[in-house]
Amino acid sequence: MSQAFQATTPASSVSTCADSEASAAAQALAGIRERVLAATASGVPLDIQGGNTKRWYGETPMGEPLDMRAYRGIVSYDPAELVITARAGTPLAEIEAALAERGQILPFEPPHFGPGATLGGCIAAGLAGPRRPHVGAPRDFVLGAVVMNGQGQVLHFGGQVMKNVAGYDVSRVLAGALGTLGVLLKLSIKVLPCPVAEATLRFELPQAQAIDQLNRWGGQPLPLMGSAWHDGVLSVRLGGAAAAIDAARAAMGGRHVDAIEAHDFWVSLREQTHAFFAAAPVPVAPADVAGDAQPLWRLSVPPTTPPLAHGDEHLIEWGGAQRWWITRRSASEIRAIAAAVGGHATLFRHGRRATGMSTDAERVFTPQPAALRAIGERLQQAFDPSRIFNRHRLYR
């Protein structure tokens, strides 16, 4: 329950609601444990699911579905400490609404990709929006986690305040693991106040000049909170104190964008509804992939990297560090291009719908170096030796 809810609701109603929610959660937890133990005994993997809004991300899901949506609810929320704790099946929209009541946000701006997105799916996917290079990734805001391992044991890592860092690294590893290490049960997330003010500026610049300008601004004390270049237009979002934004606008120039238009623009980037993504749309339903959808690649590269996608439809975010490509080039060619500049490439969406692509396109993520792969295997062995959780969702 959020403090905002408790402050405006009679104590008896809060108690009844909390007791009912806790009882339902306890029943759901018992059911989850029963499914985990049965899967470990039989060797049949479990496909951990929430709202299924990111089911297309990663390798093809396999196994019996384990629906986490019944294990939901905000457990605690302390606006003064900037921490919210909630069960994994809690809708992301519910969490964001509770935070908005107190003028706070999830700083990493997680994409929903649909109305059913849950907190567990958000952290398991580890995806972030336009604020990512300026505030951090989801893993940077996970203070604590409660996880069920392959033996049905409930493990606690981290805490609910920044001072309690015991096990913090384990909590961070869970972000982006796509549920392959265990069943996320509860998460404590650090939140931040909403920016006092925001402004979006636009500049007409060719790609190379835009990349150079973004890197110059990145080295200055400017309140940057997002950037995107597409089709000759660079958009930059500022966020913070009104005086800082006014000073930045005076120093940077550019055309100021109407607040409503700017809000819709940044949401369209976060949710990938921007016109650029039309050729590689987010599936509306788990099995809904348009037959003519093209592969969408995400290249993570040093921000100073010069233009790469000659002749291909592309969009640049994160100050130059994230390059989106829509192309039918082979996976080996794209990964070689990324590796040559010190980066890596992810086949973000629609790879298996492409025609004429080589078999290595079946790999969503760039294969890990041997040393890193060994660490991952040791973690897997510790948490889920039977490999029943989201088997092969990260790597085949």
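Whatever comes next refers back to the structure up there.
First, a word on scope: everything that follows refers to the structure included in this document. Here the structure is a predicted model, which means the values were calculated and not measured.

### Examining the pattern of salt bridges
Two side chains bearing opposite charge may form a pair once their charged atoms approach each other closely.
Here's step 1: One pass over the full model with this rule turns up 13 salt bridges.
Here's step 2: We note a salt bridge from Asp 67 to Arg 69, for which the minimum N-O separation is 2.6 Å.
Here's step 3: Beyond isolated ion pairs, a larger network of salt bridges with shared partners links Glu 109, Arg 131, Glu 198 and Arg 237.

### Focus: the sheet that holds strand S3 (residues 74-78)
Here's step 1: Spatial strand order, S3-S4-S8-S6-S7: five strands in an open sheet with antiparallel pairing. Of all strands in the sheet, those bounded by a partner on one side alone are S3 and strand S7 (154-158). Ignoring which end each strand starts from, the neighbouring axes of this sheet average 10 degrees apart.
Here's step 2: Across five bridges, the pairing between strand S6 (residues 142-148) and S7 is antiparallel. Note on S7: the bridge partner recorded for Val 146 is His 156.

### As for the side chain of Thr 90
Here's step 1: Following the sequence through the fold, Thr 90 ends up in the loop between strand S4 (83-87) and helix H3 (92-101).
Here's step 2: Judged by relative accessible area, which is 0%, Thr 90 ranks as buried.
Here's step 3: Other than its neighbours up to four places away in sequence, Thr 90 contacts Tyr 71, Arg 72, Gly 73, Ile 74, Ile 95, Ala 117, Thr 118 and Leu 119.

### Some words on the sheet that holds strand S15 (residues 313-317)
Sheet strands pair by backbone hydrogen bonding; their relative direction is either parallel or antiparallel.
Here's step 1: Taken together, the eight strands give an open sheet; going across it, the order is S13-S10-S12-S11-S15-S16-S14-S17, and neighbouring strands pair in antiparallel fashion. The two strands at the open ends of the sheet, each matched to only one other strand, are strand S13 (255-256) and strand S17 (344-349).
Here's step 2: One ladder, built from six bridges, connects strand S11 (residues 224-230) with strand S12 (residues 233-240); its direction is antiparallel. Of the residues in S12, the one forming a bridge with His 230 is Val 233.

### Re the environment of Gly 218
Here's step 1: With respect to the helices, strands and loops of the structure, Gly 218 is situated in helix H7 (residues 207-218).
Here's step 2: Since its relative accessible area comes to 54%, Gly 218 is described here as exposed.
Here's step 3: Sequence separation between Gly 218 and His 134 is 84 residues; the distance between their C-alpha atoms is 9.4 Å.

Basis of the calculations
- Residues numbered from 1 in each chain as written.
- Predicted model: local features only at pLDDT ≥ 70, side-chain atom pairs only at ≥ 80, totals over all residues.
- Heavy atoms only, no water.
- Salt bridge = Lys/Arg side-chain N within 4 Å of Asp/Glu carboxyl O.
- Pairing = 2+ DSSP bridges.
- Helix = DSSP H or I, 4+ residues; strand = E, 2+ residues; numbered from the N terminus.
- Axes fitted to C-alpha atoms, helices over the stretch in contact; angles between N-to-C directions.
- Buried < 20%, exposed > 50% of the residue type's maximum accessible area, 1.4 Å probe, protein only.
- Contact = heavy atoms within 4.5 Å.

Scope: geometric values only; no functional claims are made or implied.
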